[in-house]
Amino acid sequence: MDERKYVVEIKDLEVEYRTDSGVVHALNGFEMKLEKGKTLGLVGESGCGKSTMGRAILRLHEPTSGHVYFQGEDVLTFDKAKMKHMRRDMQIVFQDPFASLNPRMTVGQIIGEGLTSHGIYKRGDPAMKEYIMKVMEDCGLASYMFNRYPHQFSGGQRQRIGIARSLALSPKFVVCDEAVSALDVSIQSQILNLLSELREKAGLTYLFITHDLSVVKYISDRICVMYLGNMVELSESEELFKHTYHPYTEALLSAIPTTEEDNGGRERILLEGDIPSPVNPPSGCKFHTRCANCMARCKVEEPQQREVEPGHFVVCHLYDK
Ligand code: ADP
Ligand code: MG
């Protein structure tokens, strides 16, 4: 039994994309730890580097430098064979189940594909069908769907198929990248409940990526808020909503349309302008160009991470000692 507290530990993670318009600095020395059996929500506006994080952890895009420790081993040092083996334990569920499901394969084939490619079952093994049926049931999919095609189903059902495909491999860690963002609100909560249930049952650890704070609130134990490739605030989920420190988090929270009492009384803070280009990010604190509390030093000096309360980290000059 592996008794370590953190399943995934990310250290100094840097990711760049080389493009015609220059080098995109998508992640700049990111640090993050994911506790076993818990969900860490990763939030921030579109383009801040959330998907890059998910893809870098799974090495779907190769990081420029840094470390991704999975159960204590740095996956960035793994060779192809070891990485293939590791992929069983580290899965990803994408936003658009339609784009990520092969339209020419039946639901049963889609869910079974990973099982045969990882050598867990031989093709045609009757035990495999039985196992797939069990996974489908766990994911709320009716057995008649086994021989049907993904396009015959709704977005919510297709997302269940995507989840079943990932979970069939009994992973330990799952990245959910905007996994409910394309769904109607009522379907969203069904899928969120399913993900929570499956996490409890299998003791999974999630990195739950979304641009939507109202979604992340319900599923996350802790929340990491990021801006332009950097962490700005990280704390227990409830704590983040109760005691918000970073002006960026404050602005994000104030934008959630809600009548809930814990968000009541927040005045809406408009974030002006777009997120700046990660090709030429602002100097000092990257958020200074849009920050309501910007001070002179914010423009030149990069803020350091502070633990403002136990387990609550903020990267902002307002909290310098
Ligand atoms: P998010 O998921 O938070 O919306 P992404 O991780 O997709 O953000 O993107 C972070 C930044 O990296 C953005 O500026 C985006 O344009 C850029 N980017 C993402 N993927 C690529 C790529 N394949 N090539 C070049 N730039 C990319
Ligand atoms: Mg994304």
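Attention here is on the structure that accompanies the text.

Cut-off values and rules
Residues numbered from 1 in each chain as written. Chains lettered and ligands numbered in written order. Predicted model: local features only at pLDDT ≥ 70, side-chain atom pairs only at ≥ 80, totals over all residues. Heavy atoms only, no water. Near = heavy atom within 4 Å. Polar contact = N/O pair within 3.5 Å; in protein donor to acceptor, adjacent residues only side chain to side chain. Areas by Shrake-Rupley, 256 points an atom, 1.4 Å probe, with all protein chains shown as cover. Helix = DSSP H or I, 4+ residues; strand = E, 2+ residues; numbered from the N terminus. Nonpolar A, V, L, I, M, F, W, Y, C, P; charged D, E, K, R; others polar. 1 Å grid on protein atoms, 1.4 Å probe; cavity = no way out; pocket = protein on both sides within 12 Å on 5 of 7 lines; lining within 4 Å. Points joined across faces, edges and corners; volume = space filled by probe spheres on them. Buried < 20%, exposed > 50% of the residue type's maximum accessible area, 1.4 Å probe, protein only. Contact = heavy atoms within 4.5 Å. Pairing = 2+ DSSP bridges. Axes fitted to C-alpha atoms, helices over the stretch in contact; angles between N-to-C directions.

### Re the site of ligand 1
Near ligand 1 you find 13 residues, and of these Gly 47, Gly 49, Lys 50, Ser 51 and Thr 52 are the closest. Between ligand 1 and Gly 47 there is a distance of 2.6 Å, counted from an oxygen atom to a backbone nitrogen or oxygen. Between Lys 50 and ligand 1, the recorded distance is 2.8 Å, taken from a side-chain N or O atom to an oxygen atom. In isolation ligand 1 exposes 560 Å². Once the protein is present, 63% of that is buried. Only strand S1 (6–19), strand S2 (22–35) and helix H1 (50–57) provide two or more residues apiece to the shell around ligand 1. Ranked by residue count, the leading element in the shell around ligand 1 is H1, at 3 residues. Across the shell around ligand 1, the residue classes break down as 5 nonpolar, 6 polar and 2 charged.

### What to know about empty space enclosed by the protein
Throughout the structure, instances matching the rule amount to 4 cavities of 30 Å³ or more. Quantified by volume, the largest cavity comes out at close to 90 Å³. Around the largest cavity, the lining comprises 13 residues; the ones closest to its centre are Pro 247, Cys 285, Cys 291, Cys 298 and Cys 316. Residue composition of the lining of the largest cavity, grouped by class: 9 nonpolar, 4 polar and no charged.

### Some words on the side chain of Asn 230
Mapping Asn 230 onto the fold places it in strand S10 (residues 230–236). By relative accessible area, which is 19% here, Asn 230 ends up buried. Setting aside residues up to four positions removed in sequence, Asn 230 forms contacts with Asn 28, Phe 30, Val 225 and Lys 286.

### Focus on the sheet that holds strand S5 (residues 73–74)
Judged by pairing direction, the sheet is antiparallel, and its 4 strands sit side by side in the order S2-S1-S4-S5 without closing on themselves. Each edge of the open sheet is held by one strand with a lone partner, namely S2 and S5. The sheet contact formed by S1 and S2 spans 11 bridges and is antiparallel. Residue pairing for S2: Arg 18 is matched across the bridge by Val 23. Here H1 sits on the sheet and contacts S1, S2 and strand S4 (65–70); the angle it forms with S1, its principal contact strand, is near 115 degrees.

### Re the environment of Ala 127
Structurally, Ala 127 can be placed in helix H5 (residues 126–138). Ala 127 sits 11 residues away from Asp 138 along the chain, and the two C-alpha atoms are 17 Å apart.

### Regarding the sheet that holds strand S3 (residues 39–43)
Spatially, the 8 strands line up as an open sheet ordered S6-S7-S8-S3-S9-S10-S12-S11, and their pairing is mixed. Each edge of the open sheet is held by one strand with a lone partner, namely strand S6 (90–93) and strand S11 (305–309). Averaged over all adjacent pairs, the angle separating strand axes in this sheet is 20 degrees, with direction ignored. Strand direction decides the pairing type here: S10 and strand S12 (residues 312–315), joined by 2 bridges, are antiparallel.

### Some points on the pairing of S1
Between S1 and S2, which pair antiparallel one after the other, the connecting turn spans 2 residues. Note that S1 and S4 share 5 bridges and pair antiparallel. Looking across to S4, one finds that Ile 10 is bridged to Val 68.

### Points about the side chain of Ser 235
The topology assignment puts Ser 235 in strand S10. Among the residues examined, Ser 235 registers a relative accessible area of 0% and is labelled buried. Of note is the side chain of Ser 235, whose polar atom sits 3.2 Å from the backbone nitrogen of Leu 240. Not counting residues up to four positions away in its chain, the partners in contact with Ser 235 are Arg 222, Ile 223, Leu 240, Gly 311 and His 312.

### Re the environment of Leu 167
Turning to its location among the elements, Leu 167 is positioned in helix H6 (residues 155–167). Of the residues examined, Leu 167 reaches a relative accessible area of 14% and is grouped as buried. As for Leu 167 and Lys 217, which are separated by 50 residues in sequence, their C-alpha atoms are 23 Å apart. When residues no more than four places from it in sequence are discounted, the contact partners of Leu 167 are Tyr 131, Val 174, Leu 198 and Leu 204.

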